[in-house]
Amino acid sequence: MNNKKKIVVLTGAGVSAESGIKTFRDAGGLWEGHDVMEVASFDGWLRNKELVLDFYNQRRKQALTAKPNQGHIGLATLEKDFEVVIVTQNVDNLHERAGSSNVIHLHGELFKSRSTVDENLVYEIDDGEVNIGDHCEKGSQLRPHIVWFGEMVPMMVVAAREAVSADIFIVVGTSLAVYPAAGLIDYVGSEIPKFIIDPNMPSIYPRSELFLFEENGSTGVKKVADILRKIYL
Ligand code: BV8
């Protein structure tokens, strides 16, 4: 019988910042010089598939050179003493590469592509590119396996179910500006301790059991992990 306390973690671009991956906001709403809606929306895809595919090919190349930082590693190490579910808005695979074994990607995955006629046809890309003319087994153009603005977030239901049964909730490196991801905290019990780690604390609705760590993920995660081990072990 697993009597480990369950930690649910919501992460955003900030947890990968110290791995050299630009955050969504720091890019000033421009990604690699593009308007977000040009490269991260379905309309943008319809307007210019090549531009969108190139944008994600560039980000995949950049993500390949990035390494997990102490924030990712600290979260993965929590699995020694706790049941840990990572809910990330990030499309990189740094949580997995740090050793986290239970990662829910709300906004998709950079290293996967999918069919444009059958969303169940999802393919690993590894270190490759996706280009015009790359087709799924049903002959349709492949697209990035990413949730664009204006698209449904199918994994939100799974993430919310995890949050409902959390004993501890940690938020690392997100401006809590994008919904429904930012609403995950509302599924967590009011009496459950909530730790927020961010050097520029996001505006968050005041509630009980909120503990703020105004610092980088690499140091904040270690501090919170030490506190949790003191309290729960
Ligand atoms: C949907 C994939 C409905 C792309 C992304 C008006 C009001 C409210 C909501 C909306 C609105 N208009 C439209 C909406 C909905 C919209 C939305 O929320 N828009 C926002 C911008 C207002 N949401 C959607 O469209 C979602 N879908 O609602 O569908 C629907 C319903 C029925 C039928 C059809 C549709 C889909 C949203 C998903 C979009 N895709 N990503 C890609 O990555 O290529 S979201 C995008 O923002 C990023 O990927 C990122 O994941 C996400 C959130 O950003 P953060 O991760 O928080 O990053 P950010 O830069 O903002 O913050 C970084 C934080 O880190 C900062 O706080 C910083 O201080 C901190 N930090 C910096 N350094 C460090 C650090 N922390 C720790 N350590 C450090 N070293």
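Here the structure is a predicted model, which is why all the values come from computation and not from measurement. By convention here, each chain's residues receive numbers from 1 onward along its written sequence. Residue-level local features of this predicted model are given only where pLDDT is at least 70; pairs of side-chain atoms are given and counted only at 80 or more, and the full residue set underlies all totals for whole chains, interfaces and linings. Each side-chain value is derived from all of the structure's non-hydrogen atoms; neither hydrogens nor water enter the calculation.

Another point: the pairing of strand S1 (residues 6-11). For every residue, the accessible area (1.4 Å probe, protein chains only) is compared with the maximum for its type, and the residue is labelled buried under 20%, exposed over 50%, or partly exposed between those bounds. A run of H or I in DSSP counts as a helix once it spans at least four residues, and a run of E counts as a strand once it spans at least two, with each numbered from the N terminus. Summarising burial for S1: six of the six residues are buried, a large majority. Here S1 shows no split at all, with Lys6, Val8 and Leu10 on one side and Ile7, Val9 and Thr11 on the other all buried. Any two strands between which DSSP finds at least two bridges are classified as paired. Relative to strand S4 (residues 83-88), S1 runs parallel, the two being bridged by six bridges. Across the sheet, the residue bridging to Val8 is Val85, located in S4. In the sheet, S1 pairs with strand S9 (residues 168-172) via five bridges, with the strands oriented parallel. In the strand pairing of S9, Ile7 is matched with Ile168.

Now for the sheet that holds S1. Spatial strand order, S5-S4-S1-S9-S10-S11: six strands in an open sheet with parallel pairing. Among the strands making up the open sheet, the edge pair consists of strand S5 (103-105) and strand S11 (210-213). Taken pair by pair, the neighbouring strands of this sheet meet at an average axis angle of 15 degrees, ignoring direction. The axes used here are C-alpha line fits, helices contributing only the stretch in contact, and every angle between their N-to-C directions lies in the interval 0 to 180 degrees.

Further remarks concern the sheet that holds strand S7 (residues 122-124). Reading across the sheet, the three strands line up as S7-S6-S8 and stay open at both edges, with antiparallel pairing between neighbours. The open sheet has two free edges, formed respectively by S7 and strand S8 (142-146), since each of these has just one partner strand. Strand-to-strand, the axes of this sheet are offset by a mean angle of 45 degrees, without reference to chain direction. With three bridges connecting them, strand S6 (residues 108-115) and S7 associate as antiparallel partners. Looking at S7, one finds that Ser113 is bridged to Tyr123. The contact definition used throughout considers only heavy atoms, calling two residues in contact when any of these lie within 4.5 Å. Against the sheet, helix H3 (residues 49-65) makes contact with S6 and S8, and its axis sits at roughly 140 degrees relative to S6, the strand it touches most.

Right, let's talk about the domain arrangement of the protein for a bit. Annotation comment: domain bounds sourced from an automatic or database domain assignment. Each domain of the protein was delimited in the assignment, giving domain 1 (1-21 + 68-107 + 152-233) and domain 2 (23-65 + 112-146). Each of domain 1 and domain 2 has a C-alpha centre, and the two are 26 Å apart. Accessible area that two parts lose when put together, evaluated with a 1.4 Å probe and summed over both, is termed the buried area. For the pair domain 1 and domain 2, the summed buried area comes to about 730 Å², and 58% of that belongs to carbon and sulfur atoms. Basic side-chain nitrogens of Lys or Arg form a salt bridge, by our definition, when they fall within 4 Å of a carboxyl oxygen of Asp or Glu. Along the contact surface separating domain 1 from domain 2 lie zero salt bridges. Throughout this description, a polar contact denotes any pair of N or O atoms lying within 3.5 Å of each other; where both atoms belong to protein, one of them has to be capable of donating a hydrogen while the other can accept it, and for residues adjacent in sequence the pair is counted only when both atoms sit in side chains. Counting across the interface, domain 1 meets domain 2 through three residue pairs in polar contact (both at pLDDT 80 or more). Considered class by class, the residues forming the side of domain 1 that touches domain 2 number six nonpolar, four polar and two charged. When residues are grouped by polarity, Ala, Val, Leu, Ile, Met, Phe, Trp, Tyr, Cys and Pro land in nonpolar, Asp, Glu, Lys and Arg in charged, and all others, Gly among them, in polar.

Next up on the list: the pairing of strand S10 (residues 194-197). Both faces of S10 are covered, namely the face carrying Lys194 and Ile196 and the face carrying Phe195 and Ile197. Where S9 and S10 come together, four bridges link them in parallel fashion. Across the sheet, the residue bridging to Val172 is Ile197, located in S10. Strand direction decides the pairing type here: S10 and S11, joined by four bridges, are parallel. Pairing of Ile196 across the sheet is with Leu212, part of S11.

Right, let's get into the site of the ligand. A molecule or strand has a residue near it when one of that residue's heavy atoms lies within 4 Å. Around the ligand lies a shell of 33 residues, among which Arg25, Arg59, Thr174, Ser175 and Asp198 are the nearest. Within the backbone of Ala13, one N or O atom sits 2.8 Å away from an oxygen atom of the ligand. At 2.6 Å from an oxygen atom of the ligand is found a side-chain nitrogen or oxygen belonging to Ser175. In the shell around the ligand, the residues fall into 16 nonpolar, 12 polar and five charged. Inspection of the shell around the ligand shows a minimum of three residues originating in each of domain 1 (1-21 + 68-107 + 152-233) and domain 2 (23-65 + 112-146).

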